[in-house]
Amino acid sequence: MDAAIEVADLRKTYRGRRTGEVRAVDGVSFRVERGEFFGILGPNGAGKTTTLEIVEGLRRPDSGTVRLLGRSPWPHSPELTGRVGVQLQASAFFEFLSAEEQIETFAELYGASKTRGAEMLELVGLAEHANVRCEKLSGGQQQRLSIACALVGDPELVFLDEPTAALDPQARRNLWDLMRAINAEGRTVVLTTHYMEEAEALCDRVAIMDAGKIRAVDSPAGFVKGLDAPTRVTVAAGQLTGERIDELAAGEAVSADETTVVFETRDPRKLLTALASDGALEGLAVRTANLEDVFLHVTGREWRA
Amino acid sequence: MARMSLDTETIPDTAPPKGRAFLSLFKALGRGWLRDRSQVFFTILLPLMFMVLLSSVFGSTGDSASRILAVGDVPVLEGADADDFDVASAPDLDKALALLREGEADAAVVQDGDTVLVYPSPTSSTSGAIAAGNLSALVDDVNVEVLSAAAPGEPVLRTEVEEADGGSLRPIQYLAPGILAWGIAISGVFGAAGTIVDWKRDKLLRRLRLTPASVSTFLGAKVSVNLVVAIAQTAVFLAVAALGFGLELSAWTWFAAPLVLLGTLAFLAIGVVIGGIAKTSPGAAGLSNLVTMPMAFISGAFFPLALSPEWVQTLSYLSPMRYLNEALQSVVVYGEPPTAVLPQIGFLAVFAAVVALISWKTFKFDEL
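As the structure is a computational prediction, the values presented were derived from the model and not from experiment.

### Considerations on the overall build of chain B
A tally of helices and strands in chain B yields twelve helices and four strands. At 30 Å, chain B has a C-alpha radius of gyration far larger than the 21 Å of a compact globule built from 368 residues. Total accessible area on chain B stands at roughly 19,000 Å², and carbon and sulfur atoms take up 65% of it.

### Examining the packing of aromatic side chains
Summed over all chains, the structure comprises twelve aromatic pairs over all chains. Centroid distance tryptophan 199 of chain B to phenylalanine 218 of chain B: 5.0 Å. Interplanar angle 45°. Geometry classified as tilted. In this pair, tryptophan 199 of chain B sits in helix α5 (residues 171–202) while phenylalanine 218 of chain B sits in helix α7 (residues 215–245), placing the two residues 19 residues apart along the sequence. The pair tryptophan 199 of chain B / phenylalanine 218 of chain B is uniform in exposure class, with both members buried. Stacked on the ring of tyrosine 195 of chain A, the Lys or Arg arginine 172 of chain A has its end atom at 3.9 Å from the ring centre. The ring of tyrosine 317 of chain B carries arginine 322 of chain B above its face, with NZ or CZ at 4.3 Å from the centroid.

### What about the pattern of salt bridges?
All names here are of chain A. Per the counting criterion, the structure on display carries 30 salt bridges over all chains. Put simply, arginine 31 and glutamate 33 hold a salt bridge, and the shortest N to O gap is 2.6 Å. Here the salt bridges do not stand alone but share partners, grouping Asp9, Arg11, Arg23, Asp26 and Lys213 into one network.

### Details of the nonpolar core
Phe94, Leu145 and Met179 of chain A together with Leu208 and Phe218 of chain B are the most contacted members of the largest nonpolar core, which totals 68 residues. Top element by residues in this core is helix α6 (residues 169–184) of chain A. It accounts for six residues. Apart from residues lying up to four places away in sequence, leucine 208 of chain B is in contact with Phe94, Phe106 and Leu109 of chain A together with Leu25, Ala213 and Phe218 of chain B. Of all hydrophobic cores here, the second largest spans 53 residues; its members include Leu48, Ile184, Leu328 and Phe351 of chain B.

### Describing the UniProt feature "transmembrane region" (unreviewed entry) in chain B
Residue and element names in this part refer to chain B. Under the UniProt annotation, the feature "transmembrane region" (unreviewed entry) is placed at residues 40–59, 179–199, 219–245, 251–278, 290–307 and 341–360. As annotated, residues 179–199 comprises 100% helix and 0% strand, and the C-alpha atoms at either end are separated by 30 Å. End C-alpha atoms of residues 290–307 are separated by 23 Å, and the span's content is 44% helix alongside 0% strand.

### Quick word on the state of the cysteines
All names here are of chain A. Overall, the coordinates contain zero disulfides over all chains when judged by the stated rule. Considering cysteine sulfurs only, cysteine 149 is the nearest to cysteine 134, which forms no disulfide, with 7.6 Å between them. Given the relative accessible area of 3%, cysteine 134 is considered buried. With relative accessibility at 2%, the residue cysteine 149 sits in the buried group.

### Some details on the UniProt feature "domain: ABC transporter" (unreviewed entry) in chain A
Per the UniProt record, "domain: ABC transporter" (unreviewed entry) is annotated on residues 5–236 of chain A. From the first C-alpha to the last, residues 5–236 of chain A spans 49 Å; its make-up is 34% helix and 30% strand.

### Points about the packing of helix α8 (residues 256–277) of chain B against helix α11 (residues 320–333) of chain B
All names here are of chain B. As a packed pair, α8 and α11 sit with axes 10 Å apart at the nearest point and diverge in direction by 170°. Considering their axes alone, α8 and α11 lie roughly antiparallel with respect to each other. Only Pro320, Met321, Leu324, Ala327, Leu328, Val331 and Val332 of α11 make contact with α8, whose side of the interface consists of Ala256, Leu259, Val260, Gly263, Phe267 and Ile270. For the contact of α8 with α11, the residue count by class is twelve nonpolar, one polar and no charged.

### What about the interface of chain A and chain B?
Contact residues are listed per partner, giving 44 residues for chain A and 37 residues for chain B. Summed over both partners, the interface of chain A with chain B buries about 3,700 Å², with 56% contributed by carbon and sulfur atoms. The interface formed by chain A and chain B contains five salt bridges. Here arginine 201 of chain B ties to glutamate 95 of chain A by a salt bridge, and the two come within 3.7 Å at their closest N and O atoms. Of the residues belonging to the side of chain A that touches chain B, the class tally is 20 nonpolar, eight polar and 16 charged.

### Considerations on the sheet that holds strand β2 (residues 85–90) of chain B
Residue and element names in this part refer to chain B. Taken in spatial order, the four strands make up an open sheet running β2-β1-β3-β4, and their pairing is mixed. Looking along the sheet, the strands with just one partner apiece sit at the ends: β2 and β4 (115–120). Shown here is a sheet whose adjacent strand axes are inclined to one another by a mean of 30°, direction ignored. Examined bridge by bridge, strand β3 (residues 107–112) and β4 share six bridges and lie antiparallel to one another. Within the sheet, the bridge partner assigned to valine 110 lies in β4 and is leucine 117. Along the sheet, helix α4 (residues 125–150) makes contact with β1 (66–71), β2, β3 and β4, crossing β1 at roughly 65°.

### Let's talk about the sheet that holds strand β12 (residues 260–265) of chain A
Residues and elements named next belong to chain A. Pairing in this open sheet of four strands is antiparallel, and the strands run β11-β12-β10-β13 from one edge to the other. A single partner strand is all that each edge strand has here, and the edge strands are β11 (254–256) and β13 (285–287). The mean angle between the axes of side-by-side strands here comes to 15°, regardless of whether they run parallel or antiparallel. Judged from the three bridges that link them, β11 and β12 form a sheet pairing that is antiparallel. Among the inter-strand pairings, serine 255 is bridged to a residue of β12, identified as valine 262. Contacts between helix α9 (residues 242–249) and the sheet are confined to β11 and β12, with β12 contributing the most and set at about 20° to the helix.

### Observations regarding the domain arrangement of chain A
In terms of domain boundaries, chain A breaks down into domain 1 (5–220) and domain 2 (230–288). For domain 1 of chain A versus domain 2 of chain A, the distance between C-alpha centres works out to 44 Å.

### A closer look at unusual backbone geometry
Residues and elements named next belong to chain A. Residue tryptophan 74 is joined to proline 75 through a cis peptide bond whose omega torsion reads -5°. Within the secondary structure layout, proline 75 lies in the loop between β4 (63–68) and α2 (78–81). Of note, phenylalanine 96 is a non-glycine position whose phi angle comes to about 65°, a positive value.

### Here we look at the side chain of glutamate 36 of chain A
All names here are of chain A. For glutamate 36, the location among the structural elements is in the loop between β2 (20–32) and β3 (37–41). Since its relative accessible area comes to 10%, glutamate 36 is described here as buried. Contacts of glutamate 36, omitting those with residues within four sequence positions, involve Arg31, Asn183, Arg187, Thr188, Val189, Asp204 and Arg205.

### Here we look at a nonpolar patch on the surface
Together, Phe41, Phe42, Leu45 and Met49 of chain B line one region of the surface with nonpolar side chains, adding up to about 360 Å² of accessible area. Note that leucine 45 of chain B resides in helix α2 (residues 37–59).

### As for the layout of surface pockets
Residue and element names in this part refer to chain B. Quantified by volume, the second largest pocket comes out at close to 570 Å³. Along its surface, the second largest pocket is lined by 29 residues, and Asp36, Gln39, Gly194, Thr195 and Asp198 are the ones closest to its centre. Elements with a contribution of two residues or more to the lining of the second largest pocket: α1 (18–35), α2, α5 and α9 (281–297). Looking at the lining of the second largest pocket element by element, the count peaks at nine residues for α5. Considered class by class, the residues forming the lining of the second largest pocket number 14 nonpolar, ten polar and five charged.

### A few points about helix α8 (residues 220–227) of chain A
Residue and element names in this part refer to chain A. Along α8, the positions that sit buried rather than exposed are Pro220, Phe223, Val224 and Leu227. Along α8, the residues classed as buried sweep out an arc of 90° about the axis, all on the same side. For α8, exposure combined with an orientation more than 90 degrees from the buried face picks out Ala221, Lys225 and Gly226. Each element contacted by the buried residues of α8 is listed here: α7 (196–202), β8 (205–210), β9 (213–218) and α11 (291–299). Positioned one or two residues after α8, aspartate 228 has a phi angle of 50°, which is positive.

The rules behind each value
Residues numbered from 1 in each chain as written. Chains lettered and ligands numbered in written order. Predicted model: local features only at pLDDT ≥ 70, side-chain atom pairs only at ≥ 80, totals over all residues. Heavy atoms only, no water. Helix = DSSP H or I, 4+ residues; strand = E, 2+ residues; numbered from the N terminus. Rg over C-alpha atoms; globule rule 2.2 N^0.38 Å. Areas by Shrake-Rupley, 256 points an atom, 1.4 Å probe, with all protein chains shown as cover. Phe/Tyr/Trp six-rings, centres within 6.5 Å; stacked < 30°, edge-to-face > 60°. Buried < 20%, exposed > 50% of the residue type's maximum accessible area, 1.4 Å probe, protein only. Lys NZ or Arg CZ within 6 Å of the ring centre and 35° of its normal. Salt bridge = Lys/Arg side-chain N within 4 Å of Asp/Glu carboxyl O. Core = buried A, V, L, I, M, F, W, Y, C linked by side-chain atoms within 4.5 Å. Contact = heavy atoms within 4.5 Å. UniProt positions renumbered as here; feature names shortened; annotations may be inferred. Disulfide = S-S within 2.5 Å. Axes fitted to C-alpha atoms, helices over the stretch in contact; angles between N-to-C directions. Parallel < 35°, antiparallel > 145°, perpendicular 65-115°, else oblique. Nonpolar A, V, L, I, M, F, W, Y, C, P; charged D, E, K, R; others polar. Buried area = accessible area lost by both parts, 1.4 Å probe. Pairing = 2+ DSSP bridges. Domains from an automatic or database assignment. Patch = residues over 30% accessible without salt bridge, like charges linked within 9 Å, V, L, I, M, F, W, Y side chains within 5 Å. 1 Å grid on protein atoms, 1.4 Å probe; cavity = no way out; pocket = protein on both sides within 12 Å on 5 of 7 lines; lining within 4 Å. Points joined across faces, edges and corners; volume = space filled by probe spheres on them. Arc of directions from axis to C-beta.

Right, dumping it as structure tokens:
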């Protein structure tokens, strides 16, 4: 069976009058297996959206090849577009139509039934807003409607381009549950995001993208493991004597100020057991390395979402 | 689940038939149009408002009697027909001239023995001239009577005024085709330009390109909505003009439909060019105005081209509105058969084709 997506050496350069030449996509290759939840993570302007638009078939690359479900996305064929669902960054709706009319129109375009449209509204939690005009929906509701439109054709492969951008934390969590459910149904999901925690929470594998290039691809856990970074354990000051602190640090880095003591350890289990037996767990915080540290490590630059 | 067993390359035929996609797009876009109050206003109500305004402006002169101020005793006015003259008296000439300046009367008259002195209005020269003309005609009539009585049997010449077209070409007959052509022009240009700018903003076309329906189906549906709107606009406009303003419709009026459709295509093409240039909605509206206003002024839609300077008449050959206006006037008002407007049809068709080609070549599809 073909991979869901195979991308080889994509390149796209924009020539702006003021900006000069910008290599938006600079030699990008990756492969997404069927059923996978794949994330493309990077700061704004990293080239995520351009890459996605080329893969979807909205833009043509200067060079490189794309295979979607074993076929080229260009020229457009209804056979392929019928199997792929897309949510774009801007919510593209027919003006002055209600949520229900919107999803029905998209259902008809994908050759799906009316009931399928209603089911999708239900799935994204918009059933009670079916009669509300699209422009009157909140940002999160618009994103969910746009995802419903992407799903209405029962696609095997779903592209989501920064679906949670500009949403409040609660709306973002709700959307995460929805995306997990979509993937759990067996659909391949490709997500772009500039939120570290989102990629960590959702993706099977993540491609870290910066300045038009994919710097590394791995699972979030694999990235962190490969980093071999210490775990930072913090407790409130005043529970341990200076001697005991040095003893517990066992030669690894430690820092103390008036309010906290911070250990950096590669054996957090041993340290935590010792702290517990000392009864010194007040103000405890444990922070393992995350994708933010990975980004710093991979690109040599501080994360700037 | 069915999709889990998709390892054999059986491709499900998910594409809906073209006709069904067209119908659903037509329905979605048509609904959107009907719910957009500003579109409905610009297309249906604005031309009707123009008709009310212009027909009252142009209709107020000509019909009414000349308002005459008789200073002192003016015997010649005794034989005046009340339909032609509305006579009031003024105590003295100074008072009468003051009233003339305020626009209270069209002319003042003083009779000094055999001499009738006429003071036409300085404020409204047209109605003043008409009043003066009416007065000298009245004096002539009186003279003829006097002469005929003095020399019976001697033949005298008389003038009879007969209105052109049997008196049917009242202002509405002239104005209605022009206002309709203008209405078709603005809804085509503004509609297309605004739509393109909206698409640039909300990326709807981009999203639709990724559905199994083709872009050409979508564009076809959009143009079809505009064509249906143009027909509805024409029907409403002509009905109001006929029933409310006394426009007399010829037997060939139905031929306005294909003319309006052809005109709409030409104006949509202009709008697409503007929409390709403009970045924002106000920009699109401004540019549309910049194009439609001069086009309307040089088209002869609102005042006869014969009254315009030579260079305006020459330029008017470039205005598609001129041809739409002429063709509509010929078939709707004068009742000429469609063969009489073949040159106008030919120009509109060529114009639409050329502008459509320009818009196709200059349009940056990447922006959508």
